[in-house]
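Chain by chain, the residues run as shown.
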Amino acid sequence: MKISIHQPTENGLLLCGVPLAEGMVSAGSAFALRDERGEGLPLWWAERVHWPDGSVKWIFLHARIGVDCNAVELEAGEGTAATIEAVDGGGVELDGARLVVEDGVWTFAAGDRKVRVQPGGAVVDPGIESGGDYAVELVEASGIAPLLRLRQRCEDGLRFDHLLRLDPVQKVLHWQQRISFLTTETCRLKELGATLEFAEEGWTWGVDGGVHSRLQVLRPGFFALDGGEEMAGRPEAALRGEDASLILEKGWQRGPFALEAEGRQVRVGFYPQEAMPLAVQPGTSFRHSLRIGLGGVDGTPVTWSLDADAACASGAFGPLMACTEHTRRFYPGYEQAMDACMQGGRLTRLDKERGDSKGHPAMLAEEESQDEEYFGLQHYGDWPMALGAYGGGLRMYADNEYDTPFAYYLQFMRTGRPEYLEVAHHSAVHMADVDCMATTGDMRFHGYRETAEDHAEHRSRGGDLGHYWTDGLALNFLVGGDWWSWEAARDQARFLLDAFAGEGDDAIRRHFLG
């Protein structure tokens, strides 16, 4: 399988899922990754799922890519996966970088640089306890970029779940935090944050390269500096020092947020107290992603695509043909329709009153030109409908009906266009966190009239039997490595199996006939 590298960087980290045809590779086989000169590259892989005959259907790999590497070739055969084991206490140590975890607080160190990270909990009305101690698990024992998971042991209240990926070569820690509301009633999120203590001080800010004390974004398209008045703009949520850096990924897109720096201490407001309290329905989750650097680089993972012919021919997606000159010549209507659908997913302007005209489609990668209602912590990755849709009086969202991430993943495989991969990923993230219920495994749908979806006050209580899908969630794990999407897909599958349990068709009739 050929893997193309888009915009390679020095010592770039490649994280990539690869499908394989049935019967091609036996379980337990070895793999090797070679660059364009035929030289072997450091590689770790894990078998994710298998075909009915036991052969490997999907693997997920980590590799280290050079700045002059535009493509690599994955081969089955001789090779050894670079693996490690967790150190005492549940941390990891690799190539001079260390991640030490103790009582839900962790220290990331590389050489003589270090940062201490303390998640700050959440303020919720009514007050809800965050539960339990943390279970620590090394979920990807990679000798290239190991992934550690810290998950609170609780079945109700607020549950925090953290994924920590160590990139020792670039000296970057990729941290994802997910909070799940395991409640029975609606509550209001008032504040969510974390504190980081660095070994250095003195920062420049991504917003303008200057020196500030605080950046705050309470609504898309506007920001404030150092407690001043709001200004129009969409600033990068980033701090950079001599060696250290901190980047809140998709900051303004998934706002509100705030960054505050004082000396060596940085406070990250994942949901700052200045924002309006957010209504959160039972079972909802929210996540945030930070990249913390100690080596003078931002550590953005490598952008990639698979050989379209080989990926589609694997059979892992069912009948699927790569987009080529052949298909554009013989099936022009199909290809033009798919281009229009995929590229027209987001508009420059939505209707603000019933009957308003809408703007033209915006480029998917140019989020600054897209309407503000695509953005926000509870909305990003979903698709707003026209005012009045489905009988609702306000803006409603489609809840990714009918599996929007799956559609974008298929087109990514057919075309290799990286913007499709990004849209698919964030749509699946929204679906796993906001639409799939962490309490029951059920999946909410868009609703009608008074329950037309706004992700806050108006939500359906559960699912609808014409509105369940797991393919996009599963691919977000198999292609992109997202563990929370995989768990949402499995929980939903168990929910449906339980709903239709029993002999014969009685359970099915009961559901469809009420």
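Cut-offs and rules
- Residues numbered from 1 in each chain as written.
- Predicted model: local features only at pLDDT ≥ 70, side-chain atom pairs only at ≥ 80, totals over all residues.
- Heavy atoms only, no water.
- Helix = DSSP H or I, 4+ residues; strand = E, 2+ residues; numbered from the N terminus.
- Buried < 20%, exposed > 50% of the residue type's maximum accessible area, 1.4 Å probe, protein only.
- Lys, Arg positive; Asp, Glu negative; His and termini not counted.
- Salt bridge = Lys/Arg side-chain N within 4 Å of Asp/Glu carboxyl O.
- Polar contact = N/O pair within 3.5 Å; in protein donor to acceptor, adjacent residues only side chain to side chain.
- Expected span 1.5 Å × (residues − 1).
- Arc of directions from axis to C-beta.
- Contact = heavy atoms within 4.5 Å.
- Core = buried A, V, L, I, M, F, W, Y, C linked by side-chain atoms within 4.5 Å.

Q: Honestly, the side chain of Asp-399 in this entry has me stumped. Any pointers?
A: Residue placement: Asp-399 occurs in the loop between helix 3 (332-343) and helix 4 (404-415). Although buried, Asp-399 forms no salt bridge, and the nearest oppositely charged side chain, Arg-459, lies 4.4 Å from it. Looking at Asp-399, its side chain comes within polar contact range of the side chain of His-455, at 3.3 Å.

Q: Sorry, what's going on with helix 3 here?
A: It helps to recall that an α-helix has 3.6 residues per turn; residues three or four apart then point in one direction. Taking 1.5 Å of rise per residue, the 12 residues of helix 3 would be expected to cover 16 Å, and the 16 Å separating its terminal C-alpha atoms lies within 8% of that figure. Restricting attention to buried positions, one finds in helix 3 the residues Glu-335, Met-338, Met-342 and Gln-343. Across the axial projection of helix 3, the buried residues extend over an arc of 110 degrees, all falling on one side. Along helix 3, exposed side chains directed more than 90 degrees from the buried face belong to Gln-336 and Ala-340. The elements touched by buried residues of helix 3 are helix 2 (325-330), helix 4 and helix 5 (418-435).

Q: Before we go on, may I ask you to explain the nonpolar core in this structure?
A: Within soluble globular proteins, side chains that are nonpolar tend to cluster in buried spots. One finds Trp-106, Trp-175, Phe-181, Phe-198 and Ile-292 to be the most contacted residues of the largest nonpolar core, which totals 63 residues. When residues of this core are assigned to their parent elements, the largest contribution, six residues, is made by strand 15 (residues 187-198). Those residues in contact with Trp-175 that lie beyond four places of it in its chain are Trp-106, Val-117, Pro-119, His-162, Leu-163, Leu-164, Ala-194, Phe-270, His-288, Ser-289, Leu-290 and Ile-292. Within the second largest apolar cluster, 57 residues are counted, among which are Trp-58, Leu-163, Ala-308 and Met-413.

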